[in-house]
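Close look at the chain arrangement
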Amino acid sequence: MAPDIKDTTHALEAAAVMGLLPARPRILALGEPTHGEDALLDLRNELFRQLVEQEGYRTITIESDCLRGLVVDEYVSAGTGTLDEVMEHGFSHGWGALAANRALVRWMRSHNDGRPESERLRFAGLDGPLEMTGAASPREALTALHDYLAARVDTALLPCTAESLDRLLGTDDRWTDPAVMTDPARSVGRSAEARELRLLTDDLVALLDAQTPHLIAATSRDDWDRARLYGRTATGLLRYHHWMADTSPARLARLASVRDQMMAHNLLALAERGPVLVHAHNAHLQREKSSMRMGGMRLEWWSAGALASTRLGEAYAFVATALGTIRHQGVDTPPPDTLEGLLYALPEDRCVVDASRLAAALGDTRPALRVSPWFGYAPFDPAHLADSDGIVFVKDLPQG
């Protein structure tokens, strides 16, 4: 007989999500088990609007390139550029083509119109300038950091000139060669130039930190924050390229770890300026160790959420999303002995589930782990129930 779990659910709204949490979080993480579904992004947009109107949230960050995200932020906060340009240039991973992301950007711009700067909504990319097949050149981040410092501090304090950076960086295609993913020997990540760039980046970031009082007074907190982002990104990219050149069995796990570490650093920096909603894959936001199979190997690493949660405690909250069906991808009605199957039997099309009450209702009965017939969807692992603050359940995803 299936356990009675109907009393563990609430209507899907921000107030219900906040009611599950022990404290008002600085980071509210909403995970998703698959990418590219407008229905899930519409849900995210609706939740963010409610958080803005009811809870004073001002920032949203999504799993997209943090440098490209600056283009989106300039548009929503100051009206720079056009919506078409922003959707084309402000997102990575093809996210700019999704209607729900366009609707989010349009709503944020409209909301900000005529408001004082302190009340404006902000957008940020969470991810590094990375793709599954490789990573960007550190040029953009590194030269932007150097330019910021060179314009504002004594030249004698700079560890290098812009020309020396340019010489060490060389051509960008040395860094972005897609063949490196399968042939570490082609990577420049452990060349003499890359090693020198890592040292110079460390000196530039240290100089930025040491000159903080002067730099914030001379520019603004926002400009200084952006320079910190450039420093984090340059540091992370050079570390990522270093491990792209690795030939040990730990290579892929290390790359996954470096990527999530970059996300965590971006997330913690955003939380310094106020509460933030972060939307990314469940695997990047969960508190437990993340894992995946790649290149015939099982990889394990600590996610951005695990790192942020350890730092922030109750100021970090994680709500996973679980799904019933994605029929257009071959994901049909879940087996009744899985967590998704138990939730699918409820009458609600979508709801918020109190994870702790659900765990209590299940008792010693642990549902089976659902097996996905499609590689692009990761079912919720019932073993992680106690580590989630809540679950958003969506019964059926329509074809977008």
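The notes below deal with the structure included here.

Rules behind the numbers
Residues numbered from 1 in each chain as written. Predicted model: local features only at pLDDT ≥ 70, side-chain atom pairs only at ≥ 80, totals over all residues. Heavy atoms only, no water. Helix = DSSP H or I, 4+ residues; strand = E, 2+ residues; numbered from the N terminus. Rg over C-alpha atoms; globule rule 2.2 N^0.38 Å. Areas by Shrake-Rupley, 256 points an atom, 1.4 Å probe, with all protein chains shown as cover. 1 Å grid on protein atoms, 1.4 Å probe; cavity = no way out; pocket = protein on both sides within 12 Å on 5 of 7 lines; lining within 4 Å. Points joined across faces, edges and corners; volume = space filled by probe spheres on them. Nonpolar A, V, L, I, M, F, W, Y, C, P; charged D, E, K, R; others polar. Contact = heavy atoms within 4.5 Å. Core = buried A, V, L, I, M, F, W, Y, C linked by side-chain atoms within 4.5 Å. Buried < 20%, exposed > 50% of the residue type's maximum accessible area, 1.4 Å probe, protein only. Pairing = 2+ DSSP bridges. Axes fitted to C-alpha atoms, helices over the stretch in contact; angles between N-to-C directions.

1. Digging into the overall build of the protein chain
- Scanning the protein chain from N- to C-terminus turns up 16 helices and 12 strands.
- Rg of the C-alpha trace for the protein chain: 22 Å, near the compact-globule value of 21 Å for 400 residues, within the 12% margin.
- Each principal axis of the C-alpha distribution contributes one length, and for the protein chain these read about 75 × 55 × 40 Å.
- Of the roughly 17400 Å² that the protein chain leaves accessible, carbon and sulfur atoms contribute 51%.

2. With respect to the layout of surface pockets
- As a volume, the largest pocket reaches approximately 1500 Å³.
- If you go around the largest pocket, you meet 45 residues; those closest to its centre are His 281, Ala 283, Ser 291, Met 292 and Ala 378.
- Looking at the lining of the largest pocket, the elements that each hand over two or more residues are strand E5 (130-131), helix H12 (251-271), helix H13 (282-285), strand E8 (289-294), strand E9 (297-302) and strand E10 (316-325).
- Ranked by the residues each element gives to the lining of the largest pocket, the list is headed by E8, at 6 residues.
- Each residue belonging to the lining of the largest pocket can be placed in one class, and the counts come to 23 nonpolar, 11 polar and 11 charged.

3. As for the environment of Leu 149
- Looking at where Leu 149 falls in the secondary structure, it is placed in helix H6 (residues 139-150).
- Sequence separation of Leu 149 and Leu 207 is 58 residues, and the distance between their C-alpha atoms is 8.2 Å.
- What Leu 149 contacts, discounting residues up to four positions off in sequence, is Leu 158, Leu 204, Leu 207, Leu 208 and Leu 215.

4. Concerning the nonpolar core
- Core analysis: the largest hydrophobic core is formed by 46 residues, its most contacted members being Leu 28, Phe 48, Val 105, Met 108 and Phe 123.
- The element contributing the most residues to this core is helix H2 (residues 38-55), with 7 residues.
- With residues up to four places along the chain from it excluded, the contact list for Met 108 reads Phe 48, Ile 60, Val 76, Leu 121, Arg 122 and Phe 123.
- Membership of the second largest hydrophobic core comes to 35 residues, among which are Leu 268, Val 278, Leu 312 and Leu 346.

5. Looking at the sheet that holds strand E3 (residues 59-65)
- Reading across the sheet, the 8 strands line up as E1-E11-E12-E10-E2-E7-E3-E4 and stay open at both edges, with mixed pairing between neighbours. Two strands in the sheet have a free side with no partner beyond their single neighbour: strand E1 (9-10) and strand E4 (122-127).
- Both E3 and E4 contribute to a ladder of 5 bridges, which runs parallel. Looking at the pairing, Ile 62 lines up with Gly 125 of E4.
- On the sheet, H2 packs against strand E2 (27-32), E3, strand E7 (276-281), E10, strand E11 (350-354) and strand E12 (390-396) and is oriented at approximately 165° with respect to E2.

Honestly, that's just the spatial picture; any functional story needs more than this.
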